[in-house]
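Next come the chains, spelled out residue by residue.
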Amino acid sequence: KWSGLTFVWLMLLIMYLPIMFIILYSFTSAKVMGQWNGFSLRPYETLFDPENKFARDIWEATWNTLWVAFVSSFLSTVLGTAGAIGMHFLGKKLKAVFNFSTQIPIVNAEIVMALSLCILFVFLRLPSTAFNLIVGHMVLTIPFVVINVQPKLEQMDPSLYEAAMDLGATRAGALFKVMIPDIVPGILSGFMISMTLSLDDYVITEFTKPSEGGDFQTISTYVQSHLAKGSIPIQIRSYTAIIFLLIVAAMVGYTIINIKKSKKAN
C-alpha cells in the first residue's frame, strides 16, 4: 500500500512541480526565471495594464487563439458528425476502409500534417490567411469528432429512425428530430476535444498561421517566439498561473456538483 501511494504522489509531483514553479515566480518581478527579487504583484498588475505592450500582445494572442479554436471546432464538429453518420450507414467493407482512414491523422505525426498542409497551400498558391490556419486545425480535429460520435451511433436504437420514416417523416426530419438528438453527448464531447486540441496546438499553427497583414500570434506561438529569443515576459508567468487556477476552480466546482447530484440520486 505504501509503495502504491508513493508512486501516485511521485507522479503528481512530476506533473505539477513545473506549474507550481511558474506560479511561485509569478509573485516576483525578476525578469529571469529562477531569480527572486522579493515578493511583488507587478506581473499581475502589468498583465491588465492596457499601456503595457506585452500585456496587449498577450490578450491579442488570447483572442486569436479563442476565435480560431471556436470556428475550427464548430466546423469540425459539423463535418465530423456528418461524416460519422454517413459512415454509420455504409456497408461493412467500406465502413472498415473509412474507419481506417480516419484513424491515420490521429496516429500520424503532427509535423507531417503541418508540413504537408504548408506544401499544399503553396502548391495551390493560396494566400497566407486565417483560412489556411482554420483548415489546418480542422484536419487535426475532425477525426476526433468522428471517433466521439461513432459510439453514440452504435448505441442508438436503429428502429427509432426507421419508425420515424414509417410515420411519415422525411429523411432530413428523421435525421434532425430523432437521430441527432440521440447522439448530442457524442457531438458535444467531440466539440470539446476539438476546442482543447485547437487551443493547445503549436506545430500546425506555426506552419499555417497568416503571414500577411501583421504578426499573427496565438498563445502557443507567442510564448515560443519569446522562448526562441531567450526571454519570457513576466506577464506570461502571471497569465499561466491565472489559467491554471481557473481550470482548477472549474474542476473543483464540477466535482462538487457531481457529488451533490449523486447524493440526491441515492
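Position numbers for residues count from 1 along each chain, tracking the sequence in the order it is written. Confidence filtering applies because this is a predicted model: local features only for residues at pLDDT of at least 70, side-chain atom pairs given and counted only at 80 or more, and all residues used for totals across whole chains, interfaces and linings. Hydrogen atoms and water are omitted, and side-chain values are computed over all heavy atoms in the structure.

**Q** Where do I start with the overall build of the protein in this structure?
**A** To qualify as a helix, a DSSP run of H or I must reach at least 4 residues; to qualify as a strand, a run of E must reach at least 2; elements of each kind are numbered from the N terminus. From N to C terminus, the protein includes 12 helices and 0 strands. Going from N to C terminus, the protein has its helices and strands arranged as α-α-α-α-α-α-α-α-α-α-α-α. It is over C-alpha atoms that the radius of gyration is taken, and the globule rule equals 2.2 Å times the number of residues to the power 0.38. In terms of overall size, the protein is more extended than a compact globule, its C-alpha atoms giving a radius of gyration of 23 Å where 266 residues would be expected to give roughly 18 Å. Each of the three principal axes of the protein carries a C-alpha extent, and together these read 75 × 60 × 40 Å. Partly exposed residues are those whose accessible area sits between 20% and 50% of the maximum for their type, while under 20% is buried and over 50% is exposed, using a 1.4 Å probe and protein chains only. Counting across all 266 residues of the protein, residues that qualify as buried make up 33%. For this analysis, residues touch if any pair of their heavy atoms sits within 4.5 Å. Sequence separation of 24 or more characterises 70% of the internal contacts of the protein that already satisfy a separation of 6 or more. Each accessible area is a Shrake-Rupley result for a 1.4 Å probe, and residues are judged covered by the shown protein chains and nothing else. As displayed, the protein offers around 16,600 Å² of accessible surface, 71% of which is attributable to carbon and sulfur atoms.

**Q** Looking at this structure, I do not really get the pattern of salt bridges. What am I missing?
**A** Two side chains that carry opposite charge are able to pair once their charged atoms sit near each other. For this document, the term salt bridge refers to a Lys or Arg side-chain nitrogen within 4 Å of an Asp or Glu carboxyl oxygen. Under the definition given, this model contains 3 salt bridges. With a closest N to O distance of 2.8 Å, Lys 95 and Glu 154 form a salt bridge. Pair noted here: Lys 95 is in helix H4 (residues 92-107) and Glu 154 is in helix H6 (residues 130-155), with a separation of 59 residues, a long-range link. Accessibility expressed as a relative area gives 18% for Lys 95, which makes it buried. The class for Glu 154 is partly exposed, based on a relative accessible area of 49%. Here Lys 209 makes a salt bridge to Glu 206, at a shortest N to O gap of 3.8 Å. Overall, Lys 209 belongs to the buried group, its relative accessible area being 16%. Judged by its relative accessible area of 32%, Glu 206 falls in the partly exposed class.

**Q** Looking at this structure, I do not really get helix H8 (residues 171-182). What am I missing?
**A** In an α-helix, one turn spans 3.6 residues, which is why side chains three or four residues apart end up on the same side. One less than the residue count of a helix, multiplied by 1.5 Å, gives the span that helix is expected to have. Between its first and last C-alpha, H8 extends 16 Å over 12 residues, near the 16 Å set by a 1.5 Å rise per residue. For H8, the complete set of buried residues consists of Gly 173, Ala 174 and Met 179. One side of H8 holds all its buried residues, which, seen down the axis, span an arc of 150 degrees. Exposed positions of H8 whose direction lies more than 90 degrees from the buried face are Phe 176 and Lys 177. Buried positions along H8 lie against helix H3 (53-88), H6 and helix H7 (158-166). Think of it as the arc spanned by the lines of direction from the helix axis to the C-beta atoms.

**Q** In this structure, what is going on with the packing of H3 against H6? I would like to understand it.
**A** In a pair of packed helices, the angle between the axes and the distance between the axes together describe the arrangement. Axis geometry follows a simple rule: fit a line to the C-alpha atoms, using only the stretch in contact for helices, then measure angles between N-to-C directions, giving values from 0 to 180 degrees. It is at 6 Å that the axes of H3 and H6 come closest, and there the two elements cross at 45 degrees. With respect to their mutual orientation, H3 and H6 come out oblique. Crossing hand, H3 versus H6: right-handed. Three classes are used, and their members are as follows: Ala, Val, Leu, Ile, Met, Phe, Trp, Tyr, Cys and Pro are nonpolar, Asp, Glu, Lys and Arg are charged, and the others, Gly among them, are polar. In the contact of H3 with H6, the residues fall into 17 nonpolar, 9 polar and 1 charged. Note on angle classes: values under 35 degrees are labelled roughly parallel, values over 145 roughly antiparallel, values of 65 to 115 roughly perpendicular, and the remainder oblique. By definition, turning the near helix anticlockwise from the far helix through less than a right angle yields a left-handed crossing, and turning it clockwise yields a right-handed one.

**Q** Looking at this structure, how should I read unusual backbone geometry?
**A** Trans is the prevailing form of peptide bonds, just as negative phi is the prevailing case for residues other than glycine. A positive phi is found at Arg 125, a non-glycine position, where the angle reads about 60 degrees. Structurally, Arg 125 is set in the loop between helix H5 (110-123) and H6. Judged by relative accessible area, which is 76%, Arg 125 ranks as exposed.

**Q** What is the right way to look at the packing of aromatic side chains in this model?
**A** What characterises a pair of aromatic rings is the spacing of the ring centres plus the angle enclosed by the ring planes. Two rings belonging to Phe, Tyr or Trp (six-membered ring only in the last case) form a pair when the distance between their centres is within 6.5 Å. Interplanar angles under 30 degrees mark stacking, angles over 60 mark edge-to-face geometry, and anything in between is tilted. For the structure shown, the criterion picks out 10 aromatic pairs. Aromatic pair Tyr 25 and Trp 36: ring centres 5.9 Å apart, planes at 75 degrees, arrangement edge-to-face. In this pair, Tyr 25 sits in the loop between helix H1 (2-24) and helix H2 (42-47) while Trp 36 sits in the loop between H1 and H2, placing the two residues 11 residues apart along the sequence. By relative accessible area, Tyr 25 is classed as buried at 11%. Take Trp 36: its relative accessible area is 42%, and that puts it in the partly exposed class. Here Phe 27 and Phe 39 contribute two aromatic rings whose centre-to-centre distance is 5.7 Å and whose plane-to-plane angle is 10 degrees, an arrangement assigned as stacked. Taken together, the residues Phe 27 in the loop between H1 and H2 and Phe 39 in the loop between H1 and H2 connect sequence positions 12 residues apart.

Functional significance is not addressed by these values, which are geometric in nature.
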